[in-house]
Amino acid sequence: MLFGRGKKNPIKLVDKHVVDWKYATCGYCSTGCAIEVGVDADGKPVTSRGVADADVNRGKLCLKGIFEHELFDSAGRGLKPKMRAHWHEPWQDAGWDAALDKLHDEIRRVQAKYGPDSVAIISTGQMLTEEFYTLGKLTRGLIGSNNYDGNTTLCMSSAVSGYKRSFGSDGPPGCYEDFEHTDCLIAWGSNLPEQHPIIYWRMKEAQEKRGFPLIVVDPRVTMLAQNANLHLPITPGTDVVLMNAMMHVIFKENLHDPRYIEANTNGIEALAASVEKYDPVTASKICGIDEDTIRVVARTFAKAGAAMQIWTMGINQSTHGSDGVVGINNLALITGNIGKPGGTSLSITGQCNAMGTREWSSCSGLPNYRALEVPEHREEIARFWNVDPEFFPKKRGMFQTDIYQAMEAGQIKGLWLIATNPLSSLPNTARIRRAMEQLEFCCVQDCYEDTESAQYAHVYLPAGTWAEKDGVMTNTERRINRVKPVTAPPGEAKPDLWIFNRVAERFNREGKVSFPETAGEVFLEMRELSRGRLSDISGMDHALLERNRGVQWPYTAEQHARGEAPPAGGKRLYTEDGKFSYADGRAKLIPLPFIDNNEVPDEKFPVWLNTGRLIEHWHGRTKTGKIANNNKFSPIPFIEINPALAEELGVRRGDYVRLVSRRGDAVAMAQPTQRVPKNMVFLPFHFHDCANRLTLGLLDPHSRQPAFKQSAVRIERLADQPAAAKLSMEMRKF
Ligand SMILES: Nc1nc2c(c(=O)[nH]1)N[C@H]1C(S)=C(S)[C@@H](COP(=O)(O)OP(=O)(O)OC[C@H]3O[C@@H](n4cnc5c(=O)[nH]c(N)nc54)[C@H](O)[C@@H]3O)O[C@H]1N2
Ligand SMILES: Nc1nc2c(c(=O)[nH]1)N[C@H]1C(S)=C(S)[C@@H](COP(=O)(O)OP(=O)(O)OC[C@H]3O[C@@H](n4cnc5c(=O)[nH]c(N)nc54)[C@H](O)[C@@H]3O)O[C@H]1N2
Ligand code: SF4
Ligand SMILES: [Mo]
């Protein structure tokens, strides 16, 4: 025997008696892994595996994807529609007709009493694209409230705003294959190995082959930072200062690309003048990165043949979120790193279909990146949907974060929440509670009935989730892929598309507007609306998407007719000179003066509160809190705390502490670690009634995205540890 060790017991895999494998795309993060779910002879989903020939994940899945089939019959799923007259009364089971009639009647009642925009509709990044499009048509074309937005305001809105300001349109220009061509990668506020494990794996493989430098900007020593060549532990909220200083060095040392700037951009003079005062010495005092490191990073980036930047919530969730994205784009543009292999500015999106909602939901405008502000766009869509163009508002309505403030002020009286749980995910829970209490009517449409937000609902609609439904999703690299129904929703729950179509019938009694019944038909309608636009999908259909394991947009009918195999042309955007979405085809270089407007630690609240995620959990844990193999890794709230700070506070590993901010307090277990500096704690926001009791969430002026990652707290060791342990167990909820 090899190694002479004698006979070993062979590893036995449990035979799950799979008779068929069904195709889907993972419903957690935006990586977009292709999954096959194994079903047994009774049609029960029993296991999941990665699809071997899918370009995105090449057979791999992370810890969430592997156990995803377990959510189909997990605890807390909604099985029946429910109603009640007041939110503090017990629920009564209701039939679908009664619940949907109530939703229609209450929306019209509130609108009649307080005006059309007094009803808000808040959607998500976690439905299928055909569902987004249908909800958009229903809201914009029939219901007619302009206060229609998504949880993407908590997530991608800074990226959207920054792309629009720099390039004239949203749409991430790069792809995962860029890792295989890049000569330098900067990751801004992104913890790839935990939050996008399979993108990380693609990056790591490429890096091991070619050895390009990885530079990580993050105040924590994240898993990604541990793998970096250079880690820049930046002072929270000051990334824009570092970007300006890097540009300062690049211009001073003539490392920019004049040919590219000349051919493709406007605004170089103003930008160069504005970064003049951000010399590395001055900048280092604000952003906490020493001047030599700033110079080294600027040179490494600018001198690389192709240089790439990725970023996630460390940039977007800030009072300078949109500016941070523009800063990244500025750096890319002045060095000619857009649209070329390995040279790009790639926003790593969050939710599985955060891109689909940006493209098709009509939340901030009209389908396929059309704007309410453009008369031709309103005309075009009105004609296509057979509605009166005058019915459309002439500018976008409130962002989600502003909707809550309007609710608190009593301006918004009706709310329809779809696949989002603001009572867990919005900053400053106490204010969100007060806002929800002002409502005359609230409907929650969720695949789980035990969400925090459902406490305030008058109608609950049980929805299917993920592969109980049929449609498509778009991932971070603009790849549209299929989700096919593996199983039916439990009990009387229904796919969201079915629900929207039934609601539409009630607002569309004369049948003026057509609402196709199946996702396949909806996709064909969307395809027509995409012709000739940046996000052109006219060459695609559901079958082609599955065959290719996803196709990146654009993929046009002409390409398809010419027989060009996907992803021809769709890998990257802005590959040619003068192809940006502004009228003159040029991108904009935009100066970014920095004003310090964060809540910062002071004597009373001396510690930064940084919040974010863990690999094993998903947001408010409606899903992962009930899947044993995810939940067991971190079943209760905890903080990462520096050992020196813990010692000063008399806190030992495993002690419970109270965190106090100007908004409220929360209890968590202390886990001392060098991952965080002495003046910061990191609190995952996954736990019930915890992190967002503390956060302030000041808003970015352009994107209205909250600064979830910058608040100030004080920490107290709790005297009564057994009582604290009990409280903490209660906060497990599930
Ligand atoms: N396992 C898992 N994966 C997920 C999710 C999940 O819930 N669980 N959610 C998905 C979604 S919707 C999203 S949006 C993404 C989020 O993905 P990420 O953004 O990668 O995750 P976060 O943990 O929110 O934040 C990333 C990092 O930002 C850092 N940061 C904080 N302040 C600053 C700052 O001022 N500057 C910089 N440069 N960095 C800062 C934090 O220390 C943290 O390490 O993850 C997606 N993937
Ligand atoms: N402190 C702090 N707060 C944060 C963040 C942070 O980093 N720190 N990150 C923010 C970010 S980036 C995000 S994206 C938000 C996420 O915030 P939320 O959107 O509130 O998060 P989820 O818990 O994913 O909520 C999704 C809801 O939809 C339900 N659902 C899932 N699939 C379906 C479906 O197919 N149909 C229907 N009808 N329902 C479905 C789930 O059960 C769940 O209740 O949180 C934000 N909040
Ligand atoms: S990396 Fe994201 S898409 Fe892939 S299996 Fe994990 S959660 Fe799903
Ligand atoms: Mo997100």
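Along each chain, numbering runs from 1 in the same order as the chain's sequence is written. By the order in which they are written, chains take letters starting at A while ligands take numbers starting at 1. Given that this is a predicted model, residues contribute local features only at a pLDDT of at least 70 and side-chain atom pairs are listed and counted only at 80 or more, while totals for whole chains, interfaces and linings are drawn from all residues. The side-chain figures draw on all heavy atoms in the structure; neither hydrogens nor water molecules are used.

**Some points on the site of ligand 1**
Here's step 1: Proximity is defined per residue: any heavy atom of the residue falling within 4 Å of a molecule or strand makes that residue near it. Around ligand 1 there are 34 residues in total, and D218, G237, M313, R613 and H617 lie nearest to it.
Here's step 2: Per-residue and other accessible areas were derived by the Shrake-Rupley procedure at a 1.4 Å probe size, with only the shown protein chains allowed to occlude residues. In isolation ligand 1 offers 910 Å² of accessible surface; the protein chains occlude 100% of this area.
Here's step 3: Split into classes, the residues belonging to the shell around ligand 1 amount to 10 nonpolar, 17 polar and seven charged. When residue character is reported, Ala, Val, Leu, Ile, Met, Phe, Trp, Tyr, Cys and Pro are called nonpolar, Asp, Glu, Lys and Arg charged, and the others, Gly included, polar.

**Re the site of ligand 3**
Here's step 1: The environment of ligand 3 is made up of C26, Y28, C29, T31, G32, C33, L61, C62, K64, G65, P197 and I198.
Here's step 2: In this description a helix means any DSSP run of H or I spanning at least four residues, a strand means any run of E spanning at least two, and both kinds are numbered starting from the N terminus. Where the shell around ligand 3 is concerned, the elements lending two or more residues are helix 1 (63–66) and helix 6 (197–210).
Here's step 3: Residue composition of the shell around ligand 3, grouped by class: eight nonpolar, three polar and one charged.

**Some remarks on the packing of aromatic side chains**
Here's step 1: Side-chain rings of Phe, Tyr and Trp, where Trp is taken by its six-membered ring, are said to pair if the distance between their centres is within 6.5 Å; with planes under 30 degrees apart they count as stacked, over 60 as edge-to-face, and otherwise as tilted. By the definition in use, this model includes 14 aromatic pairs.
Here's step 2: A centroid spacing of 5.1 Å and a plane angle of 75 degrees characterise the contact between W96 and W498, whose relative ring orientation is edge-to-face. With a gap of 402 residues between them, W96 in helix 2 (residues 96–114) and W498 in helix 20 (residues 496–507) connect regions that are remote in the sequence.
Here's step 3: Judged by centre distance (5.7 Å) and plane angle (55 degrees), the ring pair of Y163 and W311 falls under tilted. Of this pair, Y163 sits in helix 4 (residues 157–167) while W311 sits in strand 12 (residues 307–311), and the two are 148 residues apart along the sequence.
Here's step 4: Only protein chains enter the accessibility calculation, which uses a 1.4 Å probe; a residue is then buried when its area is under 20% of its type maximum, exposed when over 50%, and partly exposed in between. Classification of Y163 as buried rests on a relative accessible area of 0%.
Here's step 5: Following the ring pairs from residue to residue traces out a cluster consisting of Y163, F167, W311, Y574 and F580.
Here's step 6: Charge-over-ring contacts are defined here by two conditions on Lys NZ or Arg CZ: a distance within 6 Å of the ring centre and an angle within 35 degrees of the ring normal. The side chain of R220 reaches across the aromatic face of F682, ending 3.5 Å from its centre.
Here's step 7: The ring of W498 is capped by K494, whose NZ or CZ atom sits 5.0 Å from the centre of that ring.

**Describing the pairing of strand 24 (residues 665–672)**
Here's step 1: Burial analysis of strand 24 places six of its eight residues in the buried class, the great majority of the element.
Here's step 2: Strands were regarded as paired on the criterion that DSSP finds at least two bridges between them. Sheet topology note: the strand 22 (residues 638–641)/strand 24 ladder contains four bridges and is parallel. In the strand pairing of strand 24, E640 is matched with Q671.
Here's step 3: In terms of strand pairing, strand 23 (residues 656–660) meets strand 24 through five bridges, oriented antiparallel. Each residue of the ladder has a partner; that of V657, found in strand 24, is A668.
Here's step 4: Between strand 23 and the antiparallel strand that follows it, strand 24, lie four residues.

**Quick look at the sheet that holds strand 25 (residues 680–684)**
Here's step 1: The six strands are arranged 21-25-22-24-23-26 in a closed barrel whose pairing can be described as mixed. Pairs of neighbouring strands in the sheet enclose a mean axial angle of 45 degrees, with direction left out of account.
Here's step 2: One ladder, built from four bridges, connects strand 23 with strand 26 (residues 711–717); its direction is antiparallel. Pairing of R658 across the sheet is with E716, part of strand 26.
Here's step 3: Throughout, a residue-residue contact means that at least one pair of heavy atoms, one from each residue, lies within 4.5 Å. Angles shown run from 0 to 180 degrees and are taken between the N-to-C directions of axes, each axis being a line fitted to C-alpha atoms and, for helices, limited to the stretch in contact. Seen against the sheet, helix 27 (residues 721–730) touches strand 23, strand 24 and strand 26 and runs at an angle of roughly 70 degrees to strand 23.

**A closer look at the domain arrangement of the protein chain**
Here's step 1: The domain boundaries assigned to the protein chain delineate domain 1 (14–71), domain 2 (82–150 + 353–515), domain 3 (173–347) and domain 4 (607–730).
Here's step 2: Contact residues are listed per partner, giving 19 residues for domain 1 and 16 residues for domain 2.
Here's step 3: Note on definitions: buried area is the accessible-area loss of two parts on being combined, 1.4 Å probe, summed for both. In this assembly, domain 1 packs against domain 2 so that about 1400 Å² is buried in total across both faces, 58% of it on carbon and sulfur atoms.
Here's step 4: When the area that domain 1 buries against domain 2 is broken down by residue, the three leading residues are Y23, T25 and L71, summing to 35%.
Here's step 5: Salt bridges are identified by distance alone: a Lys or Arg side-chain nitrogen within 4 Å of an Asp or Glu carboxyl oxygen. Viewed at the interface, domain 2 and domain 1 are joined by one salt bridge.
Here's step 6: Measuring nitrogen to oxygen at the nearest pair gives 3.2 Å for the salt bridge that ties R479 to D55.
Here's step 7: Whenever a nitrogen or oxygen atom comes within 3.5 Å of another N or O atom, the pair is scored as a polar contact, on the condition that within protein one atom can donate a hydrogen and the other can accept it, and that pairs from neighbouring residues in sequence are kept only if both atoms are in side chains. Taken together, domain 1 and domain 2 are joined by seven residue pairs in polar contact (both at pLDDT 80 or more). Either an automatic procedure or a domain database provided the assignment from which the domain bounds are taken.

**So, the nonpolar core**
Here's step 1: Residues L138, W188, M246, W416 and M540 are the most contacted members of the largest nonpolar core, which totals 114 residues.
Here's step 2: At 10 residues, helix 8 (residues 239–252) tops the list of elements feeding residues into this core.
Here's step 3: Filtering out sequence-adjacent residues up to four positions away, M540 remains in contact with I480, F523, R527, L545, V551, Q552, W553 and Y555.
Here's step 4: Within this scheme, the nonpolar core is defined by two criteria: the residues are buried Ala, Val, Leu, Ile, Met, Phe, Trp, Tyr or Cys, and they are joined through side-chain atoms within 4.5 Å. Membership of the second largest hydrophobic core comes to 25 residues, among which are C29, I35, W201 and V486.

**Brief notes about the side chain of K709**
Here's step 1: By the secondary structure assignment, K709 is in the loop between helix 26 (691–694) and strand 26.
Here's step 2: Reaching out from K709, the side chain makes a polar contact with the backbone oxygen of T611 at a distance of 2.8 Å.
Here's step 3: If near-sequence neighbours (up to four positions away) are discounted, K709 is found in contact with M313, G314, Q317, L609, N610, T611, G612 and R613.

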